[in-house]
Amino acid sequence: PAFITVKELSEKMKINPSDIIKKLISKGIMVTINQQIDYENASQIAEEYGFLLEKKEENEDNLEIMDKEDDEKDLLPRPPVITVMGHVDHGKTSLLDAIRKTNVTQREAGGITQHIGASVVEINGKKVVFLDTPGHEAFTAMRARGASVTDIAVLVVAADDGVMPQTIEAINHAKAANVPIIVAINKIDKPNANPDRVKQELVEYGLVPEDWGGNTICVNVSAQKNLGLDDLLEMILLEAEMLELKANPNRPARGTIIEAQLDKNRGPVATVLVQKGTLKTGDVIIAGTAYGKVRAMFDDKGRKVKKASPSIPVEVLGLSDVPKAGDILVVLDDEKKARSIAEKRKEKFREEEMMQKQKISLDELFNQI
Ligand code: GDP
Ligand code: MG
């Protein structure tokens, strides 16, 4: 059955259609650019270029592994993923720490050793996931690579300092990514705190507070004095409920690398935010140019786990290489395939790097002349 036209396939892979047609001809398939080919042939061609094609697909992101769309009926509620943003020194780290601490149970108190770049907090029995990388770096880097990991942005604005350049930047990022913003007006314990002034400034950037007739939720908090944190968490839950966040947990996992590094004892270690499906120990995975089998997984509290469902961050061991933040992790059915795609990607990166270098040296040459 017809699956995709040569033209569409070439556009998705950014490969010259005549190259694809040549490959098809060598297989004995005569087609023109606007003709459709079947899934088998399309996926064989795709694999030769380091792409994996899945059935029932569409997905325009630059993942190189096109994603399978889930059936509405398979979707189940998932926890919201929150990113904390705001101007330097307005209290992002303090707020995250305070939220984490209020949530640490007696049992865990001594047990938080591992730090994995994301934390799961439970509020009234409901999970909320916070990405620890505060600020814009992660957000921007990931968005630039086509990955979107945030459901809600918490914008921290210090009540004694007001809207500052990075506050505005954060607002713009969140708006561009179409992510709802909840404002945490922090440091209200300070004698010179002026939440109303902050609200006034927010209006100038299109965020009209709810109590002023708009629809931006603003909560007064003090990360240092533990004030307003429950209100903030409650607002986050409310907003999350309205978003009706769902994912299919019963399929091979797909997620995004939040951070990764080389550990001298454990090898490449990557924190993955699972976004679809359930990631399990033993799964064959690929992320960027790294591939392997999930050897072990740890949750945000450092506990060993065997699986991770949508929105849950886990530390993953077993990759061949250190992936980049923002790389998409996909579970495949076959390690050989994972390896061959990873190798083709590496080749492609090398070629692109070389082209970049050649271009630079040519530019230099011309500049000298
Ligand atoms: P970040 O750069 O946004 O991560 O800000 P930090 O969390 O590092 O906080 C910057 C400074 O503000 C630190 O000295 C904190 O102790 C202080 N701070 C953070 N939250 C509060 C607060 O609610 N009240 C007061 N008085 N100080 C705070
Ligand atoms: Mg900080």
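To keep things clear, this report deals only with the structure shown in the data block. None of the values given here were measured: they were computed from a predicted structure.

Concerning the overall build of the protein chain
Point 1. When its secondary structure is counted, the protein chain shows nine helices and 19 strands.
Point 2. Taking all 369 residues of the protein chain together, the buried fraction comes to 47%.
Point 3. By sequence separation, contacts in the protein chain at least 24 residues apart represent 72% of the contacts at least 6 residues apart.

Side note on the sheet that holds strand S6 (residues 126–131)
Point 1. Taken in spatial order, the six strands line up as S5-S6-S4-S7-S8-S9 in an open sheet, and their pairing is mixed. This sheet does not close on itself; its edge strands, each paired only once, are strand S5 (118–123) and strand S9 (217–220). Direction aside, the axes of adjacent strands within the sheet are offset by 30° on average.
Point 2. Pairing between S5 and S6: six bridges, direction antiparallel. Of the residues in S6, the one forming a bridge with Val120 is Val129.
Point 3. Packing of helix H6 (residues 165–176) onto the sheet brings it into contact with strand S4 (81–86), strand S7 (152–158) and strand S8 (181–186), and relative to S7 it is tilted by some 165°.
Point 4. Packing against the sheet, helix H7 (residues 195–204) makes contact with S7, S8 and S9, and its axis sits at approximately 150° to S8.

Quick notes on the site of ligand 1
Point 1. Close contacts around ligand 1 come from 15 residues, with Asp89, Lys92, Thr93, Ser94 and Asp189 the closest.
Point 2. At 2.7 Å, a backbone N or O of Asp89 approaches an oxygen atom of ligand 1.
Point 3. The side chain of Asn186 places a nitrogen or oxygen atom 3.1 Å from an oxygen atom of ligand 1.
Point 4. The biggest single contributor to the shell around ligand 1 is helix H4 (residues 92–103), with three residues.

What to know about the side chain of Ser43
Point 1. The residue Ser43 is located in helix H3 (residues 39–48) in this model.
Point 2. Looking at Ser43, its side chain comes within polar contact range of the main-chain oxygen of Glu40, at 3.1 Å.

Focus on the environment of Leu95
Point 1. One can find Leu95 in helix H4.
Point 2. Separated by 129 residues in the primary sequence, Leu95 and Gln224 place their C-alpha atoms 7.9 Å from one another.
Point 3. In this structure, Leu95 is in contact with Val154, Val156, Ala184, Val221, Ala223, Leu229 and Leu232, ignoring residues within four places of it in sequence.

Section: unusual backbone geometry
Point 1. One non-glycine residue, Asn226, lies in positive phi territory at about 55°.
Point 2. Among the secondary structure elements, Asn226 is positioned in the loop between S9 and helix H8 (229–243).
Point 3. On the basis of relative accessible area, Asn226 is assigned to the partly exposed category, the value being 46%.
Point 4. Positive phi outside glycine occurs at Ser311, with the angle close to 80°.
Point 5. Here Ser311 lies in the loop between strand S17 (307–308) and strand S18 (313–319).

A look at helix H2 (residues 17–26)
Point 1. Those residues of H2 that sit buried are Ile20, Ile21 and Leu24. All buried residues of H2 project into a common sector of 100° when viewed along the axis, lining one side. Of the exposed residues in H2, the ones pointing more than 90 degrees away from its buried face are Lys22 and Ser26.
Point 2. As for H2, its buried residues are in contact with helix H1 (6–13), strand S2 (36–38) and H3.
Point 3. Positive backbone phi, approximately 85°, marks Gly28, located one or two places after H2.

Criteria and thresholds
- Residues numbered from 1 in each chain as written.
- Chains lettered and ligands numbered in written order.
- Predicted model: local features only at pLDDT ≥ 70, side-chain atom pairs only at ≥ 80, totals over all residues.
- Heavy atoms only, no water.
- Helix = DSSP H or I, 4+ residues; strand = E, 2+ residues; numbered from the N terminus.
- Buried < 20%, exposed > 50% of the residue type's maximum accessible area, 1.4 Å probe, protein only.
- Contact = heavy atoms within 4.5 Å.
- Pairing = 2+ DSSP bridges.
- Axes fitted to C-alpha atoms, helices over the stretch in contact; angles between N-to-C directions.
- Near = heavy atom within 4 Å.
- Polar contact = N/O pair within 3.5 Å; in protein donor to acceptor, adjacent residues only side chain to side chain.
- Arc of directions from axis to C-beta.

Read these as spatial facts, not as claims about activity.
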